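What follows is the residue order along each chain.
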Amino acid sequence: MATAIAPAPGTAAIPRHVAIIMDGNGRWAKQRHLPRLAGHKAGVEAVRRVMRSARELGIEALTLYAFSSENWRRPEAEVIDLMGLLRRFIRSDLDEMVRENVRLRVLGDYRRFAPDLTEMIDEAVARTAGNTGPFLAIALNYGAQAELAAAARRLAAQVLAKRLRPEEIDEAAIEAELETRDLPPLDLLIRSSGEQRLSNFLLWQAAYAELLFVDTLWPDFDENVFSDAIAAFGLRQRRYGGL
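Worth saying up front: this structure is predicted, and the values here are computed from it rather than measured.

### Examining the sheet that holds strand 6 (residues 210-213)
With parallel pairing, the 6 strands of this open sheet are ordered in space as 3-4-2-1-5-6. Each end of this open sheet is capped by a strand with a single partner; those strands are strand 3 (103-107) and strand 6. When the angles between neighbouring strand axes are averaged without regard to direction, this sheet yields 20 degrees. Where strand 1 (residues 17-21) meets strand 5 (residues 188-191), 4 bridges bridge the pair, whose relative direction is parallel. Pairing of valine 18 across the sheet is with leucine 188, part of strand 5. Sheet strands touched by helix 2 (residues 36-57): strand 1, strand 2 (61-68) and strand 4 (135-142). Its angle to strand 2, the strand with the most contacts, is close to 160 degrees.

Next comes the structure, spelled out in structure tokens:
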């Protein structure tokens, strides 16, 4: 079980909102001479470990990059396998989310998925809508550039309808149109597997987030790795451009 980490005086403390780019399932499987599906299945177990650890640490929101808008470029068989894993995850873990008072959010245009999966996602979100505990946001068919373009279109429509003046479009107006508008500000963004890029994930939200790149492949990401990441965040000095 992960234990809460007491922040040192003057440090960043426990983050309210943590986002993770879950990378390395394929490499994990390749190292073990296993099919890529085995890596994705092991990655689901890592999701469960981190979800529980985040709750124990008192983190208010956890956002996971599960399927990007670019992932459609992968082989069709792998995409089908990923959709199957998502179905099984919802069936097996939704009851626990309800019991644990978790509020499920989905970022991205998941309605591109098969109708039965779209319906499952809608039902899962609805079942947790009345909860008051931590957020679990899952990014599905998500791309940050598309999110920003959609926000710009909505603001432009408001200007055309004369409900908004161009000079009223500021950072707050943009944030109100983003899919994360009801989540706390992003404090910490973690990427597993040693890669050091954002891959079109939460580009606006990460403007002042702390970034942490860890070498651990996602299926090996456990409570200890997560706790170490939170401890590293607690040692960061966050100045937001000031002194």
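### Some thoughts on the packing of aromatic side chains
For the coordinates displayed, the defined rule picks out 8 aromatic pairs. Centroid distance tyrosine 65 to tyrosine 142: 6.0 Å. Interplanar angle 80 degrees. Geometry classified as edge-to-face. Pair noted here: tyrosine 65 is in strand 2 and tyrosine 142 is in strand 4, with a separation of 77 residues, a long-range link. The two residues tyrosine 65 and tyrosine 142 agree in class, both being buried. Put simply, the rings of Tyr65, Tyr142 and Phe201 pair up and form one aromatic cluster. Looking at arginine 103, its charged tip hangs above the ring of phenylalanine 135, at a distance of 3.9 Å from the centre. Taking NZ or CZ as reference, arginine 112 lies 4.2 Å from the ring centre of tryptophan 72, over its face.

### So, the packing of helix 2 against helix 3 (residues 76-99)
As a packed pair, helix 2 and helix 3 sit with axes 11 Å apart at the nearest point and diverge in direction by 30 degrees. Taken together, helix 2 and helix 3 sit at an angle that is classed as roughly parallel. For the crossing formed where helix 2 meets helix 3, the hand is right-handed. In this structure, helix 2 uses Arg36, Leu37, His40, Lys41, Val44, Val47, Arg48, Met51, Arg52 and Arg55 to contact helix 3, whose residues at the interface are Glu78, Asp81, Leu82, Leu85, Arg88, Phe89, Ser92, Asp93, Glu96 and Met97. Looking at the contact of helix 2 with helix 3 residue by residue, the classes come out as 8 nonpolar, 2 polar and 10 charged.

### A word on the pattern of salt bridges
Should their charged atoms come close, side chains of opposite charge can pair. The final tally for this structure, using the stated rule, is 23 salt bridges. Between glutamate 177 and arginine 154 there is a salt bridge, and its shortest N-O distance comes to 2.9 Å. In this pair, glutamate 177 is assigned in the loop between helix 6 (171-175) and strand 5 and arginine 154 in helix 5 (residues 144-160), connecting sequence segments 23 residues apart. On the accessibility criterion, arginine 154 (35% relative accessible area) is partly exposed. Via salt bridges that share partners, Asp23, Arg27, Arg191, Glu195 and Arg197 belong to a single interconnected network.

### Comments concerning the pairing of strand 5
Side chains of strand 5 alternate between two faces, with Leu188 and Ile190 and Leu189 and Arg191 buried alike. With 4 bridges connecting them, strand 5 and strand 6 associate as parallel partners. By the bridge assignment, arginine 191 is partnered in strand 6 with phenylalanine 213.

Thresholds, definitions, all that
- Sequence positions are assigned chain by chain, starting from 1 and proceeding in written order.
- Per-residue local features of the predicted model are confined to residues with pLDDT of at least 70, and side-chain atom pairs are confined, for both listing and counting, to 80 or more; whole-chain, interface and lining totals are unaffected and use all residues.
- Water and hydrogen atoms play no part in the side-chain values, which are based on all heavy atoms of the structure.
- The pairing criterion is simple: DSSP has to find at least two bridges between the two strands.
- In DSSP terms, a helix is any run of H or I states spanning at least four residues, a strand is any run of E spanning at least two, and both are numbered starting from the N terminus.
- Fitted lines through C-alpha atoms serve as axes, helices being fitted only where they are in contact, and the angles separating the N-to-C directions of these axes extend from 0 to 180 degrees.
- Contact between two residues is taken to exist if any of their heavy atoms lie within 4.5 Å; hydrogens are not considered.
- Aromatic contacts are taken between Phe, Tyr and Trp rings whose centres are within 6.5 Å, Trp giving its six-membered ring; a plane angle under 30 degrees counts as stacked, one over 60 as edge-to-face, and the others as tilted.
- Whether a residue is buried, partly exposed or exposed follows from its accessible area with a 1.4 Å probe, protein chains only, as a fraction of its type maximum: under 20%, in between, or over 50%, in that order.
- Our definition puts a charge over a ring when NZ of Lys or CZ of Arg is within 6 Å of the ring centre and also within 35 degrees of the ring normal.
- Every angle not falling under 35 degrees, over 145, or within 65 to 115 is termed oblique; those three ranges are roughly parallel, roughly antiparallel and roughly perpendicular.
- Handedness of a crossing follows from how the near helix is turned relative to the far one, being left-handed for an anticlockwise turn of less than a right angle and right-handed for a clockwise one.
- The classification used treats Ala, Val, Leu, Ile, Met, Phe, Trp, Tyr, Cys and Pro as nonpolar, Asp, Glu, Lys and Arg as charged, and all other residues, Gly among them, as polar.
- For salt bridges, the criterion is a side-chain nitrogen of Lys or Arg within 4 Å of an Asp or Glu carboxyl oxygen.

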